[in-house]
Amino acid sequence: MILMNDFQKEYRFFKPQLDKTIDRCLKSGWYILGREVSEFEQNFAKYTNTKHAIGVANGLEALQIALMALGIGEGDEVITVSNSAVATALAISNVGAKPVFVDVDEYYHMDYKLVEKAITKKTKAIIPVHLFGQIVDIEKIVRIAKKNNLKIIEDACQAHGASFRSKKAGSFGDVNCFSFYPTKNLGAYGDGGVITTNSKEIYEKCLRLRNYGQSNRYEHTEKGLNSRLDELQAAILNLKLKKLDLLTKKRQQIAEVYFKHLRDIKEIKVPKQRKNSNHVFHLFVIEAESRVSLQEYLKDNGISSLIHYPIPIHKQKAYSEFNSIILDRTEMLAKTILSLPIHPFMTNQEAKKVCMVIKSFYQWRNRQKRKISIHPAGNFSEGIKI
Ligand SMILES: Cc1ncc(COP(=O)(O)O)c(C=O)c1O
């Protein structure tokens, strides 16, 4: 089976150092907010070329704390996209603010041309999402934010190591957020997240907010969360961060194989890459004709695939107040996109196999179509929906 992620292979790759790391951590007798977390925060700030990093419990709470640190809450509006993981919008709702969804561009990202129209007197911030591992049209969005005195929170949960003009994801906004959910390019062995910022004031506020709003022991200056990254996960992340660039290159090699062999299949669209952008291919997402049948065909041939995401946020039951708004591109994408397997432990041979199976699917489908057009009563005896 060609998997979306192969965590067993990943574990074998890291095992020798991982065993030592875990052993050291457990023997230390210190499990919450200690040396490992501080070290990881310093390393991650350095990696993103920012002044400060704050380890937190997950990506959702990273976003929530970022909003709280900017003083965003009840009565405020935050512009974001519906074409994202639901957590992007949940963070906004959880602080009592209102998400304002704009449609996406040809890179599946916030369309900057729609942002200005969405600004009202209540707008306080913009959350662009570097979806699938590529940075959004960030310079234009930063310009709009500056002009309108709005804050930017980057949702970089899918973009560890991505860059635009050599500037890393997580270094453009006022506060920026990452997730370390195991499937992410930098994943923990459990949940985790981090916030980056260049502001000392925001940094100090985030430190308090992740730890019950505590300023000194048992002294609470604001109402915070328990959103601490634990020592064990931080130690594991410290180890994995050292290999992030190497493993990103492996993802990019797989993407190259896909581009080479899929580009000419007219029934699918391969992802577009922005100029001056380093795409880290968290996901390799195609737009495919007959997606349902293609996904079944891939599965029958031992290939996993997923849809990110089948229901846009504004169409979710939890967001029923937005169900009637129309976001054409977002809604169209939800019906056609398909994420193919891509991870650092996949071989080029496996990627080629995925391409060959996709090719053979469309050849087969086109033969079926021809049969139907010659014999309108045509046989669907192979029983696959087209
Ligand atoms: C774009 C995006 N934002 C936010 C999140 C939330 O991260 P977490 O699952 O760590 O809460 C995720 C991860 O699922 C994500 O992909």
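Keep in mind that what you see is a predicted model, and the values were worked out from it rather than measured.

Quick notes on the rules
Position labels on residues start from 1 in each chain and follow its written sequence. Totals for whole chains, interfaces and linings use every residue, but because this is a predicted model, local features are given only for residues with pLDDT of at least 70 and side-chain atom pairs only at 80 or more, for both listing and counting. Numbering of helices and strands starts at the N terminus; helices are DSSP runs of H or I of at least 4 residues and strands are runs of E of at least 2. C-alpha atoms define the radius of gyration, and 2.2 Å times the number of residues to the power 0.38 defines the globule rule. Field definition: a residue is buried when 20 or more other C-beta atoms are found within 10 Å of its C-beta, exposed when 12 or fewer are, and partly exposed for counts in between, with C-beta atoms placed from the backbone. Here, nearness means that the C-beta atom of a residue, built from backbone geometry, sits within 6 Å of the molecule or strand in question. Amino acid classes used here: Ala, Val, Leu, Ile, Met, Phe, Trp, Tyr, Cys and Pro are nonpolar; Asp, Glu, Lys and Arg are charged; the rest, including Gly, are polar. Residue ranges assigned to each domain were obtained from an automatic or database domain assignment. Here the contact rule is simple: place C-beta atoms from the backbone, and any two residues whose C-beta atoms are within 7 Å are in contact. DSSP calls a pair of strands paired once it identifies at least 2 bridges connecting them. Here, axes are lines fitted to C-alpha atoms. For helices the fit covers the stretch in contact, and angles between N-to-C directions go from 0 to 180 degrees. Every angle not falling under 35 degrees, over 145, or within 65 to 115 is termed oblique; those three ranges are roughly parallel, roughly antiparallel and roughly perpendicular. Crossing handedness is read from the near helix: turned anticlockwise from the far helix by less than a right angle, it gives a left-handed crossing, and turned clockwise, a right-handed one.

1. Examining the overall build of the chain
Across its full length, the chain holds 12 helices and 15 strands. Its C-alpha atoms give the chain a radius of gyration of 22 Å, within 12% of the compact-globule value 21 Å for 386 residues. Expressed as lengths along the three principal axes of its C-alpha atoms, the size of the chain is roughly 80 × 55 × 35 Å. Looking at the chain as a whole, 46% of its 386 residues are labelled buried.

2. With respect to the site of the ligand
Taken together, 15 residues are adjacent to the ligand, and G59, A85, A87, C157 and S179 come closest. Here the shell around the ligand is composed, by residue class, of 6 nonpolar, 7 polar and 2 charged.

3. Some points on the domain arrangement of the chain
Structurally, the chain comprises domain 1 (7–102 + 109–241) and domain 2 (244–373). Put simply, the middle of domain 1 and the middle of domain 2, counted by C-alpha atoms, are 27 Å apart. Taken together, the 27 residues of domain 1 in the interface contact 27 residues of domain 2. Where the side of domain 1 that touches domain 2 is concerned, the elements lending two or more residues are α1 (7–28), α4 (86–94), β6 (163–164) and α8 (231–241). By residue number, the principal contributor to the side of domain 1 that touches domain 2 is α1, which donates 3 residues. Taken together, the residues of the side of domain 1 that touches domain 2 sort by class into 12 nonpolar, 10 polar and 5 charged.

4. Section: helix α3 (residues 59–69)
For α3, the buried fraction is high: 11 of the 11 residues fall into the buried class. Taken residue by residue, α3 has G59, L60, E61, A62, L63, Q64, I65, A66, L67, M68 and A69 as its buried positions. At the C-terminal side of α3, G71 shows a positive phi close to 75 degrees.

5. Brief notes about the environment of K200
If you trace the backbone, K200 turns up in helix α7 (residues 200–209). You can call K200 exposed: it has 10 C-beta atoms within 10 Å. Along the sequence, K200 and K272 sit 72 residues apart, while their C-alpha atoms lie 37 Å from each other.

6. Observations concerning the sheet that holds strand β15 (residues 337–340)
Overall, antiparallel pairing links the 3 strands, which are arranged β12-β14-β15 in an open sheet. On the outer flanks of this sheet lie β12 (268–269) and β15, each paired with one strand and no other. By the bridge criterion, 2 bridges tie β12 to strand β14 (residues 284–288) in an arrangement that is antiparallel. Each residue of the ladder has a partner; that of I268, found in β14, is A288.

7. Brief notes about the pairing of strand β9 (residues 193–197)
In terms of burial, β9 is largely enclosed, as 5 of its 5 residues are buried. The two faces of β9 match: G193, I195 and T197 on one face and V194 and T196 on the other face are all buried. Alignment of strand β1 (residues 52–56) against β9, held across 5 bridges, turns out to be antiparallel. When the sheet's bridge partners are listed, A53 is paired in β9 with T196. Pairing of strand β8 (residues 175–179) with β9 involves 4 bridges; the strand directions are antiparallel. Looking across to β9, one finds that S179 is bridged to G193.

8. Observations regarding the environment of I307
Relative to the helices and strands, I307 is located in the loop between α10 (291–300) and α11 (328–336). In sequence terms I307 and F178 are 129 residues apart; their C-alpha atoms lie 21 Å from each other. In contact with I307, not counting residues within four places along its chain, are I337, L338 and S339.

9. Describing the packing of α3 against α7
Between two packed helices, both the angle of their axes relative to each other and the distance between the axes serve to describe the pair. It is the contact of α3 with α7, at a shortest axis distance of 9 Å, that shows an interaxial angle of 125 degrees. Here α3 lies oblique to α7, going by the angle between them. Crossing hand, α3 versus α7: right-handed. On α7, the residues touching I65, M68 and A69 of α3 are I202, K205, C206 and L209. A class-by-class count of the residues in the contact of α3 with α7 yields 6 nonpolar, no polar and 1 charged.

10. Re the packing of α3 against α4
Where α3 meets α4, the axes come as close as 8 Å, and the angle between the chain directions of the two elements is 40 degrees. In terms of axis orientation, α3 runs oblique to α4. As for how α3 packs across α4, the hand of that crossing is right-handed. Each of G59, L60, L63, Q64 and L67 in α3 lies in contact with α4, whose residues at this interface are A87, T88, L90, A91, I92 and N94. Here the contact of α3 with α4 is composed, by residue class, of 7 nonpolar, 4 polar and no charged.

11. Quick look at the environment of K266
As for its position among the elements, K266 is in the loop between α9 (244–262) and β12. Residue class for K266 comes out exposed when judged on the 7 C-beta atoms lying within 10 Å of it. As for K266 and Y108, which are separated by 158 residues in sequence, their C-alpha atoms are 20 Å apart.

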